[in-house]
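If you want the building blocks of each chain, they are given just below.
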Amino acid sequence: GLPVRLWARDPARAASMRATRENGRYLPGMALPDGVQVTADAPEALAGSGIVVLAVPSHFVDPVLSVLAARVPEAAVLVSATKGLDPRQGLRMSELLERRLPGRPVAVLSGPSFAREVAQGRPTALVVACLDGRIAALLQRALAGPALRLYTNRDVVGVELGGAVKNVMAIATGLGDGLGLGENARAALITRGLAEIVRLGTAAGAQAATFAGLAGLGDLVLTCTGTQSRNRALGAEIARGRPLAAVEAGTPMVAEGVRTVASVLRMARERGVTMPICEEVAAVLFQGKPVAESLASLLAREPRPEEEGARHA
C-alpha cells in the first residue's frame, strides 16, 4: 500500500512505461500497480524517500551510484537487490553502497525469486539482511506483501555471497544440461557447488547456517533448475556451441554469473579457497576451453571425503 517511485535511466522507456503501465522490455504483460510512479528524473524519484531499493545489474551499480548518490536523502535506508559483485573492485554490493553513501543504513534483499512470479503475486519467500536488527524488521514490514514473505537475518556477507555465487553454479549446471549429462549430474553439480559457496562464504566471515537457508540453498536450487533462469540458459546455449557474445546479445536480460565469476575467483585466491567449479566455468567463458573438457577435469579430480571441512576440499 505504500507509494513507490520507480526510476528508469532511459527517458523514452520511462515515458513508455507511464503510457502503457507495463515494462514491455523486461516484464511484458505485467501491469504496473496504480501506486507506482515512473520517472526518469532522479531528483524527483529520490526526493524525501525513506527506503531506496537498488535493483540493477552488478556491473551498472557503481555508474548508477555516481549519478544518484548526491540525490539520496541522508536518512534513507539503502537496500541492495543486486545478486552479484562489483566487477572492478570485487566488492559486495553493500560494501560499495557503504563507500559511496557513507553513514546510511545498508541492507540486502535476496532469496529464490524470479521477477515474473513475484509480479504475478505468486508465493515467494525472501531474506532481508542487515547488521541492525531494527532496520531489518522495519524493511520486513515495509516490503512484505500478501504473497511475499520476508525473513530477517544479520549475516549480510552470507546472504550477499549466496546470491552472487549461485549464478556461477547455475551456468555450470546449464553447461551440463546442454551436454545432456542428465539429472544425476545436475544434482551433483548443485551439491558440490553449495560446498564451494560455503567454503568461500565462511572464509569471508559468513555463517555456514546462512547457506542452508533461502539466500543459499533456496536460491541455488531455483537458479540451477528453474526454466526462467538466465544463467542456466546461458550455460546450456554455450554447451550447444553458441559463443558467449552471441548468447548475451540475444536477450535484454543479464546473466549475472558471467560478470561475477572473475570477482569470485579473485576473492577465493585472496582467502586461499579452491573453487574448481568456478574455475572451470571461467575457463569455458573466457579461455575457450571446451565444455566437455571442463567437465572431465572436474570428474578427474583426486578423490576425497565429502565431510572434509578444509578450504581445499
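The structure we're discussing is the one just above.
The structure contained in this document is the topic of the report that follows. (Residues numbered from 1 in each chain as written. Predicted model: local features only at pLDDT ≥ 70, side-chain atom pairs only at ≥ 80, totals over all residues. Heavy atoms only, no water.)

**Some points on the pairing of strand β3 (residues 51–54)**
On a regular strand, each side chain points to the face opposite its neighbour's, so the side chains alternate between the two faces of the sheet.
Here is step 1 of the chain: Burial along β3 is one-sided: the residues Val52 and Leu54 are buried and none of Ile51 and Val53 is.
Here is step 2 of the chain: Both β3 and strand β4 (residues 77–80) contribute to a ladder of four bridges, which runs parallel. By the bridge assignment, Val53 is partnered in β4 with Val79.
Here is step 3 of the chain: Regarding the hand of the β-α-β motif, the stretch spanning β3, helix α3 (residues 58–68) and β4 is right-handed. (Buried < 20%, exposed > 50% of the residue type's maximum accessible area, 1.4 Å probe, protein only. Helix = DSSP H or I, 4+ residues; strand = E, 2+ residues; numbered from the N terminus. Pairing = 2+ DSSP bridges. Right-handed = clockwise from strand over helix to strand, strands pointing away.)

**Examining unusual backbone geometry**
Here is step 1 of the chain: At Arg21, a position not held by glycine, the phi torsion is positive, near 60 degrees.
Here is step 2 of the chain: Of note, Arg21 is situated in the loop between α1 (11–20) and β2 (36–39).
Here is step 3 of the chain: A relative accessible area of 24% means that Arg21 is categorised as partly exposed.

**Regarding the sheet that holds strand β6 (residues 124–129)**
Here is step 1 of the chain: What the five strands build is an open sheet, ordered β3-β4-β5-β6-β7; its pairing is mixed. Strands at the two margins of the open sheet, each flanked by one partner only, are β3 and β7 (148–153). For this sheet, the mean angle separating the axes of adjacent strands, direction not counted, is 25 degrees.
Here is step 2 of the chain: Of the strands in this sheet, β5 (106–110), β6 and β7 touch helix α9 (residues 214–225), which is tilted by about 140 degrees from β6. (Axes fitted to C-alpha atoms, helices over the stretch in contact; angles between N-to-C directions. Contact = heavy atoms within 4.5 Å.)

**Topic: the layout of surface pockets**
Here is step 1 of the chain: Each pocket or cavity is described by its volume, and for the second largest pocket that value is around 490 Å³.
Here is step 2 of the chain: If you trace the second largest pocket, you find 19 residues lining it, with Ala188, Leu189, Arg192, Leu298 and Leu299 closest to the centre.
Here is step 3 of the chain: Of all the secondary structure elements, the ones that give two or more residues to the lining of the second largest pocket are α8 (183–203), α13 (276–287) and α14 (291–299).
Here is step 4 of the chain: Examining the composition of the lining of the second largest pocket, we find that six residues originate from one element, α8, more than from any other.
Here is step 5 of the chain: Grouping the constituent residues of the lining of the second largest pocket by class yields 12 nonpolar, no polar and seven charged. (1 Å grid on protein atoms, 1.4 Å probe; cavity = no way out; pocket = protein on both sides within 12 Å on 5 of 7 lines; lining within 4 Å. Points joined across faces, edges and corners; volume = space filled by probe spheres on them. Nonpolar A, V, L, I, M, F, W, Y, C, P; charged D, E, K, R; others polar.)

**Observations concerning the nonpolar core**
Here is step 1 of the chain: Counting residues in each nonpolar core, the largest one holds 42 residues, and the members touching the most others are Leu234, Ile238, Met275, Cys278 and Leu285.
Here is step 2 of the chain: Elements with a minimum of two residues in this core: α7 (156–178), α8, α9, α10 (230–239), α11 (244–249), α12 (256–270), α13 and α14.
Here is step 3 of the chain: Here this core takes 10 residues from α7, the largest share from any one element.
Here is step 4 of the chain: Once you skip the residues sitting within four places of it in the chain, Leu234 turns out to touch Ile171, Leu244, Val247, Glu248, Ala255, Val258 and Leu285. (Core = buried A, V, L, I, M, F, W, Y, C linked by side-chain atoms within 4.5 Å.)

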